[in-house]
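Below, each chain spelled out in residue letters.
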Amino acid sequence: MRRLLLAIPTLLVISFIIFAILDLAPNDPTGNLPMTVPPEVREKIRVSLGLDQPMHVRFGMWLIQFFVNEPLNILHEAFGISIGDATERTRILSWATRSPVIDLIIQRTPQTLWVVGLSYLFGILIAIPIGIVSAYKQYSWFDQVGTFISMVGFSVPTFFTGMVAIIIFSVQLKWFPMIYDTTLSVDSWQNFVTQVKQMIMPVSVLALYNASQLSRFMRASILDNLNLDYVRTARAKGRSERVVLLIHVLRNSLIPVVTLIALGIPTIFSGAIITEQIFRVNGLGQLLIIAIEGADIPLVQTLTFLFAILIVLFNLIADVVYGILDPRIRYD
Amino acid sequence: MKNIFTLFITFTLVVSLVSFVHAKRGSDGQLNLLYWQAPSTMNPNLSGGTKELEASSVVIEPLARYDEKGNMLPWLAEEIPTVENGGVSKDLTSITWKIKKGIKWSDGTKFTADDVVFTYEYCTHPDTGCSHTNYYTGISSVKALDPHTVKIEFNVAKPFPYSAFVGYNTPIIQKAQFDGCQGAKAQECTKQNFYPIGTGPFKVVDFKPNDVIVFEANPNYRDPNKPAFSKMVFKGGGDATSAARAVLETGEMDYAWNLQVEPEILTKMEQAGKGTVVSAFGTAVERLMVNFSNPDSALGENRSEYMGGNNTRNAHPFLSDYNVRRALSLAIERQILVDAGYGQAGKISCNVLPAPAIYASTANDECKTQNVAEANRLLDAAGWKKGSDGIRQKNGVRISILYQTSTNSVRQATQAFIKEMWKQIGVETELRNISASVFFGSDPGSPDTYQKFYSDIEMYTNTFSGTDPEAYMAGWTCSEMPQKSNKWAGNNMPRWCNPAYDALSVKMSKTAALKDRIKLAKSMNDMLMQDYAMIPLIHRGDVSAHSNTISGVRMNSWDSELWNIADWTRK
Amino acid sequence: MTDIAKFEELSQEAVSKHRSLWGDVWIQFRKHKGALTGVFVFSFITLAVFIGPYIHDIDPSAINFKKRNLGPTLSHPLGTDNIGHDTLAQMLAGGQVSLAVGFLAMMIALILGTMIGILAGFIKSLDGPLMRLTDLFLALPILPLLLVIILLFRDTLRTLYGPEAGIFMLIVFVIGITSWMHTARIVRSDVLGIKEREFVTAAYSIGTRKSRIIFRHILPNILSPIMVSATLGIANAIITESALSFLGLGFPPDFPTWGRLLYDGANFIQITPSRVIWPGLFIALTVLSVNYIGDGLRDALDPRLRGR
């Protein structure tokens, strides 16, 4: 609990540093306008976005909007509880779209959770068994093949695997669409099939990437534990290999994997920038990259800060899980 | 007899109507467009980006448009007002537009002159932050004389009065919908900005910013048989190459916009036989800007600052020499740049004003052929001798150029070629690429903007909208020089200052006859070119691709590419 | 005299004993087939990129407009790109930079991550602050941060060390400073478990110094995750470098690196596939060989395995 409370000032500091970086960064919200828009018009646009205010005023505004106005607004919209006058409250508005940032984020979350979330889940599901078998049968052909695939999977970036997948499966074989349709609502069997079809490529490309990283750490961790005294003790006691491996070794080997998963879950919400771009999934990752390119500070600030909250939260959760996996680890 | 005659007339009329109308509204199903830069809003007044202008052009429309040849067409207006037909006053201080009768908004209400007046008031309100106020400069009032007549009055005589409500930059929005959204409130009218009511062939049914827009045929569109498509999906995201692939190779999409991709890639994709690459030329010219002031970082605050006179007090160490500038231009073989980077979307250009054709000068054609020998001769004669490292120098100044541009694979290829070409005349080049949002952003705190120009040469494309070059050519007058005192806001990147040029610019703003305006514009162009204030490279076209199943696409560089989407059909 | 001789004898003995420890490691390492192959492949790649340019002596920046998009020929064994660069020459020149960036940036990230991880795991009072610092670095928006870094340092470094050396330092620093966090978190989690193990508490109870505990007892036991991090770190650094050059933070655009070649070549995959196959293959081979070397090293350094 004390650690949770300590997280709040940390987050405030993080939010300020993020804001300062965004403010210092040399990109400009009018940078992507065509050349035909003259400089004085650009200046007026900047003023209309509130960029003429000093930095601390804008940061203060954002803090109030994020911590007071937006939660109150969610209360109002979701439960009909209104505190104060809802119409008077200013919401965090994105500069590029002139619409509330929170609405944009809500709109983008489903496709990101589906594609990035599922790929992460599959990544974990593939990586853990592969890691276990690779370590237990170290230097067997299975381990060698697994090592090779995971190294290639990690060192070849997703922009490349994604493009190759499109050329093979969309252009040549015509099995899957190369463009993800975000307007598709899964309300019939047929639409469900379409949804699965359009998810296969992005999910597998990302899952390969995630699995290759995780399986390496899993393998290393199991290898470390296999030679420890307690394993020998357990074996000596006549426990079956399966029990030794799956209960004793796995439990202790999961610590670094839990760390990685805790680091990974927040990134699900930040989306996968490259994969989303390639398949036009247009989730949170694409939202973030467009906002950064367009210097849409309120949007970048809010997205990054939500991401920061998740990072801090999941790292705290990981610490708790360590204690469960290995009761000797205590925090006092 | 008379009856038979009428019968005959009616019969031919019916026949001609029937043969004219094969397609009915909505009979061709769904149309899929792919814009790899996705629109962030449907209200072009609040964005100004080309992608938003394109998307909104199928919903909201101006009084007049440009066709693919750059001719003005009456759109919501009855005709183009001119002095001859009395639409423009003799003293050129007012223009009166007559609006077509019977035009309805997509919600069924009538389109009137009040909407036009409102559009003007909306955009010119000081707190709206409208991106297109420059189209309304010089206007003193916009009045509705009656529901079908709008009169625009100017402060001074306007020789070219067709900037407001002409072309896709200034379409008309509905007063009933946007009332209350003027000024600071404009930012908060999300619903209105995303779902504008229009008079165009389509209406918005679902808008997901930066992702996808779903349109339906407008039930109240003025032509009862158009558009041929009942639904249109306007998808965004990704990159240009894969956008081309989706039309040309997989056929998932019917139209892809802005495909600035190496020409051999497009040719290869086109071989799949699913689609066609189309291009159209407007006024865009890829050019090298020459810095006349000294960008040396040791100068601190005075880097690239103009300091009076013909830049003599802070002159560039070698680019202020006419011979060096001319040699740099002569050493470039422009055809290579076209072949490698642009293909059918580029032509050699020796002018900064290459179009409309009536304005194109032929006085500068020297640049069309590379002439390394002449370039070397010029430099030798001017005393720039090759040093031991093969780089020319004079009085301790080496011709070593820092050459910057935005990040874009075609631009980087162009840079590599030019570096190699300049090597042949003993010029050393360091290349730099800067992220487009920084380079074209005008953050006064950033050293990397194209206005600050902290390098010797920079490359980008500039253009102007519409067909009148007056404002564009005024960009190279002395007062337009970006500098500290004006926060680097200005179009005269070379910091090139010539009183004779300024005089021509003033003269042009007071000249009405087209013949004289052409002469003036040409001589201004020649002045810039012959002093090598800029080195033009390529007249750039827009490139898009459409599926072979779509007909009616008339690629347009002067207006929205979707300007005639009501006429598109599926074969 | 005798005293000195005795001392020398002793110190000789110490040295030889020390040597024999590393000798042990070497003997063990040599037995590891994968590791040997890794060393062989890695040395081959290194030699190729540093000596190769003297054999295949086409200037990587030379442009031959008439020879664009060529397939493999005798004079251009890997073909040419769309502006007429020789792909092999570019591969070799790019390899030097990519290997150097990959290796140095990985080392920075690894040392930083391991240090922070051990300190946080081992010293309770540092745990909170260091982990919040890690959270901060994880949360920072990388792209805007990079833009700020360019803004602040590029011109200074360029005037001090020239456009290429200055930017090389900047890139290595930037990649290192933004990719140590995973290592730190993983190392910390391992340290948390290990420091409660019997042998560490035993070392404590006999009064071993903390630094000695760290180097003698903790570090050898967390080597495997560090080695995995190292492998993944190289791949990450090579790819990140190419992403940086698109922001204008990287090397000048005519300066080839493997990541950049792969990225630029990707669009041409249907025209000149060799432009992407080779850089992709070489990045993968480098990472793979480093992985096996890491495996071998870990096994060789593990005293429990050494006897096996």
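Look a little higher up for the structure.
Overview of the structure. Note that the coordinates shown come from a computational prediction; the quantities given were computed from them, not determined experimentally.

### Some words on the overall build of chain C
Of the regular secondary structure elements, chain C holds twelve helices and zero strands. Look at the contacts in chain C between residues 6 or more apart in sequence, and 69% of them connect residues 24 or more apart. Counting only carbon and sulfur atoms, one obtains 69% of the accessible surface of chain C, whose full area is about 13,600 Å².

### Some words on the pattern of salt bridges
Counted under the stated rule, the structure contains 38 salt bridges over all chains. Notably, a salt bridge pairs Glu286(B) with Arg540(B), separated by 3.2 Å at the nearest N-O pair. Linking Glu286(B) in strand S11 (residues 275-290) with Arg540(B) in strand S19 (residues 534-547), this pair joins segments that are 254 residues apart in sequence. For Arg540(B), a relative accessible area of 15% gives the class buried. Through salt bridges with shared partners, one network takes in Asp319(A), Asp127(C), Arg185(C) and Arg188(C).

### Let's talk about the state of the cysteines
Residue and element names in this part refer to chain B. Evaluation of the coordinates by the stated rule reveals four disulfides over all chains. Across the disulfide from Cys 123 sits Cys 130; the S-S distance is 1.9 Å. Given an S-S torsion of about -75°, the disulfide between Cys 123 and Cys 130 has left-handed geometry. For Cys 130, a relative accessible area of 3% puts it in the buried group. In this model Cys 350 forms its disulfide with Cys 367; the gap between the sulfur atoms is 1.9 Å. Here Cys 350 and Cys 367 share a disulfide; its torsion about the S-S bond, -95°, makes the bridge left-handed. Within this pair, whereas Cys 350 is found in the loop between strand S12 (346-348) and helix H10 (372-381), its partner Cys 367 is found in the loop between S12 and H10, the two being separated by 17 residues in sequence. Since its relative accessible area comes to 5%, Cys 350 is described here as buried.

### Topic: the interface of chain C and chain A
Taken together, the contact between chain C and chain A spans 56 residues of the former and 58 residues of the latter. Approximately 5,200 Å² of surface area, both sides summed, lies buried where chain C meets chain A, with 70% of it carried by carbon and sulfur atoms. For the pair chain C and chain A, the number of links is three salt bridges. Among the salt bridges present, the one from Arg219(A) reaches Asp295(C), with a minimum N-O distance of 3.3 Å.

### Remarks on the interface of chain C and chain B
Counting residues at the interface gives 30 residues for chain C and 34 residues for chain B. Our enumeration of links across chain C and chain B arrives at two salt bridges. For Glu264(B), the salt bridge is made with Arg68(C), and the minimal N-O distance between the two is 3.5 Å. Between the two partners, chain C and chain B, sit five residue pairs in polar contact (both at pLDDT 80 or more). Counting only elements with at least two residues in the side of chain C that touches chain B, the list comes to helix H5 (142-177) and helix H9 (223-247) of chain C. In terms of residue count, the dominant contributor to the side of chain C that touches chain B is H5(C) (eight residues). Looking at the side of chain C that touches chain B residue by residue, the classes come out as 15 nonpolar, eight polar and seven charged.

### Some remarks on the packing of helix H1 (residues 2-24) of chain A against helix H4 (residues 124-139) of chain C
H4(C) packs onto H1(A) with a crossing angle of 35° between their chain directions and a minimal axis gap of 10 Å. Taken as a pair, H1(A) and H4(C) cross one another with a handedness that is right-handed. Facing Thr10(A), Ile14(A), Ile17(A) and Ile18(A) of H1(A), the residues of H4(C) in contact are Arg132(C), Asp135(C), Leu136(C) and Ala139(C). Broken down by class, the residue content of the contact of H1(A) with H4(C) amounts to five nonpolar, one polar and two charged.

### As for unusual backbone geometry
Here the bond from Lys226(B) into Pro227(B) is cis, since omega is -5°, no more than 30 degrees from zero. Topologically, Pro227(B) is positioned in the loop between strand S8 (212-217) and strand S9 (231-236). A positive phi angle, near 65°, is found at Tyr139(A), a position not held by glycine. You can see Tyr139(A) is positioned in the loop between helix H4 (101-136) and helix H5 (141-155). Even without a glycine there, the phi angle at Lys174(A) is positive, about 60°. Relative to the elements of secondary structure, Lys174(A) occurs in the loop between helix H6 (158-172) and helix H7 (189-226).

### Some details on the sheet that holds strand S15 (residues 397-398) of chain B
Sheet strands pair by backbone hydrogen bonding; their relative direction is either parallel or antiparallel. Residues and elements named next belong to chain B. Strand order across the open sheet formed by three strands is S13-S14-S15, with antiparallel pairing between neighbours. Two strands bound the open sheet, and with one partner strand each, they are strand S13 (385-386) and S15. Here two bridges tie S13 to strand S14 (residues 392-394), and the two strands are oriented antiparallel to one another. Pairing of Lys 386 across the sheet is with Arg 392, part of S14.

### Looking at the sheet that holds strand S5 (residues 139-146) of chain B
Residues and elements named next belong to chain B. The strand order S4-S6-S5 describes an open sheet built from three strands, whose pairing is antiparallel. If you trace the sheet from one side to the other, it starts and ends with strand S4 (94-98) and S5, each paired once. In this sheet, neighbouring strand axes are inclined to one another by 15° on average, regardless of whether the strands run parallel or antiparallel. In the sheet, S4 pairs with strand S6 (residues 149-154) via five bridges, with the strands oriented antiparallel. Bridge assignment links Thr 96 to a residue of S6, and that residue is Lys 151. Against the sheet, helix H3 (residues 113-124) touches S5 and S6, its axis set at about 165° to S5.

### Focus: a nonpolar patch on the surface
All names here are of chain A. Residues Leu 5, Ile 8, Leu 12, Ile 64, Phe 67 and Val 68 make up a contiguous nonpolar surface patch of roughly 550 Å² in combined accessible area. Secondary-structure elements contributing two or more residues to the nonpolar patch are H1 and helix H3 (55-79). Relative to the elements of secondary structure, Ile 64 occurs in helix H3.

### Describing the pairing of S8(B)
Strand residues, when the strand is regular, have side chains that alternate between the two faces of the sheet. Residue and element names in this part refer to chain B. The buried count for S8 comes to five of six residues, which makes it a mostly enclosed element. Inspection of the sheet shows strand S7 (residues 202-208) paired to S8 by six bridges, in the antiparallel sense. Note that in S8 the partner of Asp 206 across the bridge is Val 214. Between S7 and S8, which pair antiparallel and follow one another directly, the connecting turn spans three residues, one of which, Asn 210, has a positive phi of 60°. In terms of strand pairing, S8 meets S9 through five bridges, oriented antiparallel. By the bridge assignment, Glu 216 is partnered in S9 with Lys 231.

### Topic: empty space enclosed by the protein
What the rule picks out here adds up to nine cavities of 30 Å³ or more. Roughly 230 Å³ of volume is contained in the largest cavity. In terms of lining, the largest cavity is formed by 19 residues, of which the most central are Asp224(A), Asn225(A), Asp190(C), Ile194(C) and Arg197(C). Broken down by secondary-structure element, the contributors of at least two residues to the lining of the largest cavity are H7 and helix H9 (241-269) of chain A together with helix H6 (181-194) of chain C. In terms of residue count, the dominant contributor to the lining of the largest cavity is H7(A) (five residues).

### Description of the pairing of S5(B)
Residue and element names in this part refer to chain B. As judged from the six bridges shared by S5 and S6, these two strands associate in the antiparallel manner. When the bridges of S6 are listed, Lys 143 appears paired with Lys 151. Hairpin connection, S5 to S6: the antiparallel pair is bridged by two residues.

### Things to note about the nonpolar core
For soluble globular proteins, the rule of thumb is that nonpolar side chains tend to be buried together. Core analysis: the biggest nonpolar cluster contains 250 residues, and Leu288(B), Leu328(B), Trp422(B), Ile425(B), Leu528(B) and Trp258(C) have the highest contact counts within it. Here the element with the most residues in this core is helix H3 (residues 87-122) of chain C; it accounts for 14 residues. What Trp422(B) contacts, discounting residues up to four positions off in sequence, is Leu288(B), Leu328(B), Ala331(B), Ile332(B), Ile401(B), Tyr403(B), Val427(B), Thr429(B) and Ile457(B). Within the second largest apolar cluster, 36 residues are counted, among which are Val59(B), Phe194(B), Ala280(B) and Ile565(B).

### A few points about the environment of Ala340(B)
As for its placement among the helices and strands, Ala340(B) is situated in helix H9 (residues 334-341). The buried category is assigned to Ala340(B), whose relative accessible area is 3%. In this structure, Ala340(B) is in contact with Glu262(B), Pro263(B), Glu264(B), Phe417(B), Phe65(C) and Arg68(C), ignoring residues within four places of it in sequence.

### Brief notes about H9(B)
All names here are of chain B. Burial within H9 is extensive, with six of its eight residues counted as buried. Taken as a whole, H9 has its buried residues at Arg 334, Ile 336, Leu 337, Val 338, Ala 340 and Gly 341. Here the buried face of H9 lies against helix H7 (263-270), helix H8 (322-330), S12, helix H11 (409-423) and S19. Residue Gly 343 follows H9 closely and has a positive phi angle near 60°.

Definitions and cut-offs
- Along every chain, residues carry numbers that run from 1 in the direction the sequence is written.
- Just so you know, chain letters begin at A and ligand numbers begin at 1, following the order they were written in.
- It should be noted that, the model being predicted, local features are given only for residues of pLDDT at least 70 and side-chain atom pairs only at 80 or more, the latter also being counted only at that level, while totals for whole chains, interfaces and linings use all residues.
- Values shown for side chains rest on all heavy atoms present in the structure; no hydrogens or waters enter the calculation.
- Numbered from the N terminus, helices here are DSSP runs of H or I no shorter than four residues, and strands are runs of E no shorter than two.
- Note on contacts: a residue pair is in contact if any heavy atoms of the two residues lie within 4.5 Å.
- Note that accessible areas follow from Shrake-Rupley with a 1.4 Å probe, and for residues the cover is restricted to the protein chains shown.
- Here, a salt bridge means any side-chain nitrogen of Lys or Arg that lies within 4 Å of a carboxyl oxygen of Asp or Glu.
- Exposure categories follow from relative accessible area, calculated using a 1.4 Å probe and restricted to protein chains: below 20% of the type maximum is buried, above 50% is exposed, and the middle band is partly exposed.
- Disulfide: a pair of cysteine sulfur atoms within 2.5 Å of each other.
- Note on definitions: buried area is the accessible-area loss of two parts on being combined, 1.4 Å probe, summed for both.
- Polar contact is the term for a pair of N or O atoms within 3.5 Å; when the atoms are in protein, one must be able to donate a hydrogen and the other to accept it, and sequence-neighboring residues count only if both atoms are side-chain atoms.
- Under the convention adopted here, Pro, Cys and the residues Ala, Val, Leu, Ile, Met, Phe, Trp and Tyr are nonpolar, Asp, Glu, Lys and Arg are charged, and Gly plus all remaining residues are polar.
- Only the stretch in contact is used when fitting a helix axis, every axis being a line fitted to C-alpha atoms; angles between N-to-C directions are given from 0 to 180 degrees.
- The handedness criterion is simple: a crossing whose near helix is rotated anticlockwise from the far helix by less than a right angle is left-handed, and one whose near helix is rotated clockwise is right-handed.
- By this definition, two strands are paired if DSSP reports at least two bridges between them.
- A patch consists of residues exposed above 30% relative accessible area that lack any salt bridge, with like charges linked at up to 9 Å and nonpolar side chains (Val, Leu, Ile, Met, Phe, Trp, Tyr) linked at up to 5 Å.
- Buriedness of a pocket was judged along seven lines, with at least five required to meet protein on both sides within 12 Å; pockets are open sets of points on a 1 Å grid over the protein atoms alone, cavities are sets where a 1.4 Å probe fits but cannot get out, and lining residues have an atom within 4 Å of a point.
- Grid points are joined across faces, edges and corners, and a volume is the space filled by probe spheres set on the points.
- What makes a nonpolar core is a set of buried Ala, Val, Leu, Ile, Met, Phe, Trp, Tyr and Cys residues whose side-chain atoms join them at distances within 4.5 Å.

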